[in-house]
Amino acid sequence: MKLVETVSELQSEISQAKALGKTVVFVPTMGALHEGHLSLIEEGNQIQDAFVVLSIFVNPTQFGKGEDFDRYPRTLESDIKALAALTNPPALLFVPSVEEVYPAGSAAEPKPRAGALGTVFEGVARPGHFEGMLQVVSWFFEVVKPQVAVFGAKDAQQLFLIKRMVHREFNDSIEIIEAMTVREDDYLAKSSRNRFLSKEGRSFAPTLFSTLMQVQGSISEGEKPSVALAEASSALDSPPLAKLDYLALVDKSTFSPISDGFHGEVQLLVAVVVESVRLIDNITFYIQEPA
Ligand code: AMP
């Protein structure tokens, strides 16, 4: 695994790999790597002749005022150790500086891409987050020019918006792979932010996934989605420890909230603020047409 910090070093490595017939597979992260991130690399390495490029960049433009940009964990040394210990590490680790990504103020105004979807669910609590995220992912796509990119299913709204951007702006030239959410033994989705939970917060946190499973179970037994959601919500709202932000069902193909009577593939989304830590999770399932 080679570490590069500049676009010119990155592109010279990538053109050598392409000349050898490699497939460039891109895995963007903000570092503080855990097994969820490592599973994306593993997924990428399964592609024939893969040349996996992993980026670590804590993108300032996707953090709002008062969000955790300053305290977001930066653990490059231990990240490098974890990567080097893999049987199949990425071929290239790209760790650009903020100046490399945004020379002289180019971060000022991200191009609006998220539209209405940038203002719902995660976008309500995090205004501008998705514009900043799409800005940096599009920058990476432009400089890496991957044939394939791997993202985690854990960030459902992010993934939906990235797929839409690839369709609208990249002519579907990048294959997007959706990797399954990796979980702790008690099914809490792994996240770089879990380390900030107190003992009490950590023992509450698996309630997110158990509630998702409960809602799915009750819908599959014939309960109306609206009733299943309302019944489950109280388990997630436990002030002062935990405050439910949203628990919602969307049509997976449009990311629009569904009405009772909908059938098809849905995503059940949840966000809860536990202490000051924002936790999100989701599951995908199918609502059958009533017999
Ligand atoms: P982040 O570093 O949090 O920006 O995440 C980088 C990538 O890792 C994104 O595609 C995330 O969806 C993905 N990711 C984060 N947590 C997990 C997880 N627990 N399982 C699988 N992928 C994850």
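Presented here is an overview of the structure given in this document.

**Things to note about the site of the ligand**
At step 1: Near the ligand lie 17 residues; those nearest to it are Met30, Gly152, Asp155, Val182 and Lys190.
At step 2: In this structure, His37 approaches the ligand through a side-chain N or O atom, which is 3.0 Å from an oxygen atom.
At step 3: Within the contact set of the ligand, an oxygen atom lies 2.6 Å away from a side-chain nitrogen or oxygen of Asp155.
At step 4: Bound to the protein, the ligand loses 91% of the 490 Å² it would expose on its own.
At step 5: The set of elements that each furnish at least two residues to the shell around the ligand consists of β2 (23–29), α2 (35–45) and β5 (148–152).
At step 6: Broken down by element, the residue count for the shell around the ligand peaks at three residues, all from α2.
At step 7: Across the shell around the ligand, the residue classes break down as seven nonpolar, seven polar and three charged.

**A few points about the nonpolar core**
At step 1: Ranked by size, the top nonpolar core spans 47 residues in total, and within it Leu10, Val53, Phe94, Phe141, Ile162 and Ile176 carry the most contacts.
At step 2: The biggest single contributor to this core is helix α6 (residues 129–144), with ten residues.
At step 3: Composition of this core by domain shows at least three residues from each of domain 1 (2–179) and domain 2 (192–285).
At step 4: With residues near it in sequence (within four places) discarded, Leu10 still touches Val4, Val53, Leu92, Phe94, Val143 and Val144.
At step 5: Formed by 29 residues, the second largest nonpolar core is a distinct cluster that contains Ala205, Phe209, Ala228 and Leu249.

**Points about unusual backbone geometry**
At step 1: Across the junction of Pro239 and Pro240, the peptide omega takes the value 5 degrees, indicating a cis bond.
At step 2: Note on placement: Pro240 falls in the loop between α10 (225–236) and β7 (242–251).
At step 3: Of note, Tyr187 is a non-glycine position whose phi angle comes to about 75 degrees, a positive value.
At step 4: Note that Tyr187 resides in the loop between β6 (175–179) and α8 (199–204).
At step 5: The class for Tyr187 is partly exposed, based on a relative accessible area of 48%.

**Some details on the pairing of β2**
At step 1: Among the seven residues in β2, seven count as buried, and that is most of the element.
At step 2: Where β2 lies against strand β3 (residues 50–56), seven bridges are found, and the strand directions are parallel. Paired with Val27 across the two strands is Leu54, which belongs to β3.
At step 3: Chirality of the crossover, the property in question, places the unit of β2, α2 and β3 among those that are right-handed.

**Observations concerning the packing of aromatic side chains**
At step 1: Under the definition given, this model contains 15 aromatic pairs.
At step 2: Ring centres 6.0 Å apart and planes at 75 degrees place the aromatic pair Phe121 and Phe255 in the edge-to-face group. One end of the pair, Phe121, is in the loop between α4 (98–101) and α5 (122–125); the other, Phe255, is in the loop between β7 and β8 (264–274), and 134 residues separate them in sequence. For the pair formed by Phe121 and Phe255, the shared burial category is buried.
At step 3: Relative to Phe140, the ring of Trp139 lies with its centre 5.1 Å away and its plane at 80 degrees, an arrangement referred to as edge-to-face.

**Re the sheet that holds strand β4 (residues 92–94)**
At step 1: Taking strand neighbours across the sheet as the criterion, the six strands line up as β1-β4-β3-β2-β5-β6 in an open arrangement whose pairing is parallel. Whereas interior strands pair on both sides, the edge strands pair on one side only; in this sheet they are β1 (2–4) and β6. For this sheet, the mean inter-axis angle between neighbouring strands, taken without regard to orientation, is 25 degrees.
At step 2: By the bridge criterion, three bridges tie β1 to β4 in an arrangement that is parallel. Directly across from Val4, in β4, lies its bridge partner Phe94.
At step 3: Relative to β3, α2 is tilted by about 155 degrees, and along the sheet it contacts β2, β3, β5 and β6.

**So, the side chain of Glu13**
At step 1: By secondary structure assignment, the location of Glu13 is in helix α1 (residues 7–19).
At step 2: Exposure remark for Glu13: the relative accessible area of 16% places this residue in the buried category.
At step 3: Of the polar contacts made by the side chain of Glu13, one reaches the side chain of Lys2; its length is 2.9 Å.

**Examining the pattern of salt bridges**
At step 1: Following the criterion strictly, the structure yields 13 salt bridges and no others.
At step 2: Among the ionic pairs, Glu67 bridges to Arg126, the shortest N-O distance being 2.5 Å. Pair noted here: Glu67 is in the loop between β3 and α3 (76–84) and Arg126 is in the loop between α5 and α6, with a separation of 59 residues, a long-range link.
At step 3: Glu67 gets classed as partly exposed once you look at its relative accessible area, which sits at 26%.
At step 4: One salt bridge connects Glu178 with Lys163, and the closest N-O pair in it is separated by 3.0 Å. Here Glu178, found in strand β6, pairs with Lys163, found in helix α7 (residues 156–169); they are 15 residues apart in sequence, far enough to count as distant.
At step 5: When salt bridges that share partners are traced, they join Glu35, Glu184 and Lys190 into one network.

Rules used throughout
Residues numbered from 1 in each chain as written. Predicted model: local features only at pLDDT ≥ 70, side-chain atom pairs only at ≥ 80, totals over all residues. Heavy atoms only, no water. Near = heavy atom within 4 Å. Polar contact = N/O pair within 3.5 Å; in protein donor to acceptor, adjacent residues only side chain to side chain. Areas by Shrake-Rupley, 256 points an atom, 1.4 Å probe, with all protein chains shown as cover. Helix = DSSP H or I, 4+ residues; strand = E, 2+ residues; numbered from the N terminus. Nonpolar A, V, L, I, M, F, W, Y, C, P; charged D, E, K, R; others polar. Core = buried A, V, L, I, M, F, W, Y, C linked by side-chain atoms within 4.5 Å. Buried < 20%, exposed > 50% of the residue type's maximum accessible area, 1.4 Å probe, protein only. Domains from an automatic or database assignment. Contact = heavy atoms within 4.5 Å. Pairing = 2+ DSSP bridges. Right-handed = clockwise from strand over helix to strand, strands pointing away. Phe/Tyr/Trp six-rings, centres within 6.5 Å; stacked < 30°, edge-to-face > 60°. Axes fitted to C-alpha atoms, helices over the stretch in contact; angles between N-to-C directions. Salt bridge = Lys/Arg side-chain N within 4 Å of Asp/Glu carboxyl O.

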